[in-house]
Amino acid sequence: MKMKKRKTWWNTIKKFKAQPTGYYLPTEVKQIQDIVRQAEQNGIRVRAVGSGHSFSDVAIENGYLLNIKKMKNIRRVSSEGLSKVYQKKHEQLIYAQAGITIQRLNKQLDKLDLCIENMGAVDEQTLAGAISTGTHGTGINLPAMSGMVRAILLVSKGGQIYRIEPKEGVVDRAAFEAQAKNKEIKLIQDDDWFHAALVNLGCFGIIYAYVIEVKPMYWLAETKAVAKWSEVKAMMESKDWRDKITTYKIPDKVNPSTGEINEKRNKKWKKRWEKLGFSPEKPLTVRSFSVIINPYKIRGKEDHSCLINRQILLPGKPRASRMRDFLRPVRYILLGSMPPIPFVFYWGLRGLNRMAPAAMPSIIERTVKSLRDEIYANRGHKVMFQGAEFIKLKAYDAEYAFDLTHKRAHVLNAIQELLDQAELFRQEGKLYQTSPIGMRFVQASKAFLTPESGRDVCYVDTPVLLGTQGADSILNACQDIFIRYNGIPHWGKINNRFVGRTDLLLKAYPDLLKWEAIFKVLNPNGTFSSDFSDRLGLGKLEDLAIDLIREAGYKGGSNLYKKFITGKIAQTNKDQ
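Residues numbered from 1 in each chain as written. Predicted model: local features only at pLDDT ≥ 70, side-chain atom pairs only at ≥ 80, totals over all residues. Heavy atoms only, no water.

A few words on helix H7 (residues 229-237). Every buried residue belonging to H7 is among Trp229, Val232, Met235 and Met236, and all of these are buried. Buried residues of H7, seen end-on, are gathered within an arc of 125° and therefore sit on one face of the element. Residues of H7 that are buried sit in contact with strand E15 (219-228), helix H8 (241-246), strand E17 (284-293), strand E18 (305-313), helix H15 (409-429) and strand E21 (437-442). (Buried < 20%, exposed > 50% of the residue type's maximum accessible area, 1.4 Å probe, protein only. Helix = DSSP H or I, 4+ residues; strand = E, 2+ residues; numbered from the N terminus. Arc of directions from axis to C-beta. Contact = heavy atoms within 4.5 Å.)

Here we come to the sheet that holds strand E8 (residues 93-97). Across the sheet, 6 strands lie side by side as E7-E8-E13-E10-E11-E12; this open sheet has mixed pairing. Across the chains shown, the open sheet's two edge strands, defined by having one partner strand only, are strand E7 (74-76) and strand E12 (185-189). Across the sheet, the mean angle separating the axes of adjacent strands is 20° when strand polarity is ignored. Sheet strands touched by helix H6 (residues 191-198): strand E10 (149-155), strand E11 (161-165) and E12. Its angle to E10, the strand with the most contacts, is close to 80°. (Pairing = 2+ DSSP bridges. Axes fitted to C-alpha atoms, helices over the stretch in contact; angles between N-to-C directions.)

Secondary-structure assignment places Lys270 in helix H9 (residues 263-275). Residue class for Lys270 comes out buried when judged on its relative accessible area of 13%. Separated by 20 residues in sequence, Lys270 and Ile250 place their C-alpha atoms 8.0 Å apart. With sequence-adjacent residues up to four places away left out, Lys270 is seen in contact with Ile250, Pro251, Asp252 and Pro280.

Moving on: the nonpolar core. Counting residues in hydrophobic clusters, the biggest one holds 125 residues, and the most contacted among them are Ile152, Phe204, Tyr210, Trp273, Met439 and Trp515. The biggest single contributor to this core is helix H16 (residues 471-484), with 7 residues. Non-local contacts of Trp515, meaning those with residues more than four positions away in its chain, are made with Ala196, Val199, Asn200, Cys203, Phe204, Phe448, Leu449 and Leu538. Ranked by size, the runner-up nonpolar core spans 29 residues in total, among them Val77, Tyr86, Ile161 and Ile185. (Core = buried A, V, L, I, M, F, W, Y, C linked by side-chain atoms within 4.5 Å.)

Let us now look at the environment of Gly43. Considering the arrangement of structural elements, one finds Gly43 in the loop between helix H1 (29-42) and strand E5 (46-49). Taking relative accessible area as the criterion, Gly43 reaches 67% and is therefore assigned exposed. Once the C-alpha coordinates of Gly43 and Asn525 are considered, the two residues, 482 residues apart in sequence, prove to be 8.9 Å apart.

Let us now look at the packing of H7 against H15. Two elements in contact, H7 and H15, have axes whose closest approach is 11 Å; the angle formed by their N-to-C orientations is 160°. Between H7 and H15, the interaxial angle falls into the category roughly antiparallel. Between H7 and H15 lies a crossing whose hand is left-handed. Residues Trp229, Lys233, Met236 and Glu237 of H7 form the contact with H15, whose participating residues are Leu412, Ile415, Gln416 and Leu419. Split into classes, the residues belonging to the contact of H7 with H15 amount to 5 nonpolar, 1 polar and 2 charged. (Parallel < 35°, antiparallel > 145°, perpendicular 65-115°, else oblique. Left-handed = near helix turned anticlockwise from the far one by under 90°. Nonpolar A, V, L, I, M, F, W, Y, C, P; charged D, E, K, R; others polar.)

Structure follows, in structure tokens:
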């Protein structure tokens, strides 16, 4: 196993760094076990790192760092030894090592004619890093990336290997335990354990592999159209908002000057949809829906410009497509992936933000409008990948999720305040945001420590380019707005406003104390903790929750923790 001394490890945006006592690149599970045991013996913490894509310091630790990038293989799962439920769909089960990047995973699945169900906008993250921090994607009827996990394999306390599955079980326990190769593996088939381990911030041990369920290869058509914020807001305020974001009536092509249908363009436009297998007269089902919003009104306009992105599942592989359907337009790929174009673009934007900041609203406006695209059809993972990777890796953001199940108005109120705040910063401090505001939608999850736990959510993110004047002030103010409207932070993004706020954590995550109970079993001595988890109080939340309720004048406990806390307080009073 390769080990580097005096190594400095940075995350991708160079905002956080670690200078670990030992930096290892394991290639097999036994090496991970040895490092964990050595760390426990020496009283040193140990963390796994991958691509460093998180903008927060969630992966940073100065003890032992294990870069798992060499563990990047995948294979199909054999039907032998599986439970009856999973024997029937074993061809869609993939054993994937945790260090594989989403990009490599997609390429490998492509060869098997398979595709992941959902992913974020970029694909440089490692599989474990993306899942463990709650990476999502978009689609109100689609799960976040953790939703494809069926089993988690990790090395935890004492070097013990765990295979954690839901109660129904992926493998047949008797068949699994009968195999000699599994003697060292402790099989846990328990819903609480599984839902806790899905998003665990690296605090449960070193994840070295997953069993994931993927889909047979599917094709998507993407269409991007410019709209007004007032139109998007009205859509979200309506009682049938879910239907509005999950259906699409193909519009006519209208001449913007006269308001009349452009017959030639309209015929061509409708014909392209017909070639994809759709009738232009029937509403289409939208698989995923997202919006980006210019935080500034352009002079002379009464509204903010938006770009609506819709992705529609095709009935099969397109019969025929032009080359442009296979090659995303130049502005998406070249701008973000082929140096020196993105390098020049990034430094140009950064320079303008410093030397001529008043130009930023117009630049964002042009960016939003330039991204419009009639139809782009390709394999699922190629459409979900949104390109401009270089630019995305030269920016960071705060991203919070808002409950759509019970408090849908909160997300709209928060966005309105973001827009008002952008104008206030522009007028008073000449501080400008350097990217549009984003909205993405995610289905409710059973994972305990994910922002969409128990509720459908809308994520709102506020990216800024590195070097943006006043960037941290802007993001801190954005977070204050988010928290005011019960927003819940994405763990891989900037989320410093939750530090020391046990009350916010307990309110945001209904099953957080169940998560902590598993934490105490797998990480009793803090071997897999970090400064990040310490600041949040993870591992000590039960005691903090009891203190909070006592200080507030305990009268039966909060609705979320009533039974749990009642028992704990009764026991401590009895002991005293």
